[in-house]
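Inside the fold
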Amino acid sequence: MARVSVPAEPYAFEFDPAATALLVIDMQRDFVEPGGFGEMLGNDVSSLRRAIAPTRRVLDAVRARGMMVIHTREGHRPDLSDLPPTKKARGRLACGIGDVGPMGRVLIRGEPGHEIVPELAPAPGEPVVDKPGKGAFYATDLELILRERGVRSLIVTGVTTEVCVHTTVREANDRGFECLVLADCVASYFPEFHDAALKMIKAQGGIFGWVSTSEALLGALQGVQRKAS
Ligand code: TIU
């Protein structure tokens, strides 16, 4: 298939839609909705919610072109057997991972807070990768799924920019995947960390990858034929 070119920094990002997956990282209620874990950590979730609408537009566009979509969720087994005690202890929280919060047990698979927000709900057939760490490659079958599907490029969205998005982009880059991060489809509780994290990705000739916007990607996808429905 013809390669697509997206205006990006530090220079245009080129990808083959058949070898590219959209990665939607951790858009779960615990991080994004009022009353979840993110808010319990003292954060204002409104800055994260701004990523929902543009990510939805990107989801619609890539689905319409038959491109692969993969969702991730950060969370742990109900018996906490995959939760390092150090992660459990971090922050000395009154209500931390595994404890019962307003959306069920915090960051536990199967609980209401662990679900992806309804606006970005996975479609049938889209893989959902449950990850115990910040990076989506650590202790998951994400790399196996990508290699089996012949994926070489990732369009990256989700939260938070400097934590799970950054860790995942670094992991992907070291494994030889090319990453385009959409600045308006990733978000942080801390604007200054968001800005710095994006600068780090595109600095030094794109040391970890490329940065662009949903608008630029949607414009580039206009030239890609929609799949017959
Ligand atoms: N998904 C993700 O980024 N997990 C976090 O815990 N992020 C924070 O910024 N806390």
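Residues numbered from 1 in each chain as written. Predicted model: local features only at pLDDT ≥ 70, side-chain atom pairs only at ≥ 80, totals over all residues. Heavy atoms only, no water.

1. Here's the deal with the packing of helix α7 (residues 161-174) against helix α8 (residues 191-206)
Their axes nearest at 10 Å, the elements α7 and α8 cross at an angle of 15°. If you check the angle between α7 and α8, you find them roughly parallel. The handedness of the crossing between α7 and α8 is left-handed. Along the contact surface, α7 presents Thr161, Glu162, His166 and Arg170, while α8 presents Phe193, His194, Ala197, Leu198, Met200 and Ile201. Among the residues making up the contact of α7 with α8, the classes are represented as five nonpolar, three polar and two charged. (Axes fitted to C-alpha atoms, helices over the stretch in contact; angles between N-to-C directions. Helix = DSSP H or I, 4+ residues; strand = E, 2+ residues; numbered from the N terminus. Parallel < 35°, antiparallel > 145°, perpendicular 65-115°, else oblique. Left-handed = near helix turned anticlockwise from the far one by under 90°. Contact = heavy atoms within 4.5 Å. Nonpolar A, V, L, I, M, F, W, Y, C, P; charged D, E, K, R; others polar.)

2. Focus on the site of the ligand
With respect to spatial proximity, the complete set of residues near the ligand consists of Asp26, Phe31, Glu74, Lys134, Val159, Thr160, Val163, Cys164 and Tyr189. At a separation of 2.7 Å, a nitrogen atom of the ligand approaches a polar side-chain atom of Asp26. Lys134 is positioned such that a nitrogen or oxygen atom in its side chain is 3.0 Å from an oxygen atom of the ligand. Relative to its unbound accessible area of 280 Å², the ligand is 89% covered by the protein chains. Residues belonging to the shell around the ligand are distributed by class as follows: five nonpolar, one polar and three charged. (Near = heavy atom within 4 Å. Polar contact = N/O pair within 3.5 Å; in protein donor to acceptor, adjacent residues only side chain to side chain. Areas by Shrake-Rupley, 256 points an atom, 1.4 Å probe, with all protein chains shown as cover.)

3. Examining α8
An ideal rise of 1.5 Å per residue puts 22 Å on 16 residues; α8 measures up with 21 Å between its terminal C-alpha atoms. Bending of α8 peaks at approximately 30° at the position of Lys199. Looking only at α8, the buried set comprises His194, Ala197, Leu198, Ile201 and Gly206. Summarising the contacts, the buried residues of α8 are in contact with α7, β9 (178-187) and β10 (210-212). (Expected span 1.5 Å × (residues − 1). Bend = angle between axes of the 7 residues up to and from the residue. Buried < 20%, exposed > 50% of the residue type's maximum accessible area, 1.4 Å probe, protein only.)

4. Quick word on the nonpolar core
Counting 41 residues, the largest nonpolar core has Phe15, Leu22, Met27, Phe31, Val32, Leu217 and Leu221 as its most contacted members. Every element with two or more residues in this core is listed here: β1 (4-6), β2 (13-15), β3 (20-25), α1 (29-32), α4 (52-64), β8 (153-159), β9 and α9 (214-221). If one sorts the elements of this core by residue count, α4 sits on top with five residues. If we ignore the near neighbours within four places in the chain, the residues touching Val32 are Met27, Val45, Leu48, Arg49, Ile52, Val117 and Val159. The next biggest cluster of nonpolar side chains, apart from the first, holds 25 residues, and it includes Met68, Phe137, Val169 and Ala172. (Core = buried A, V, L, I, M, F, W, Y, C linked by side-chain atoms within 4.5 Å.)

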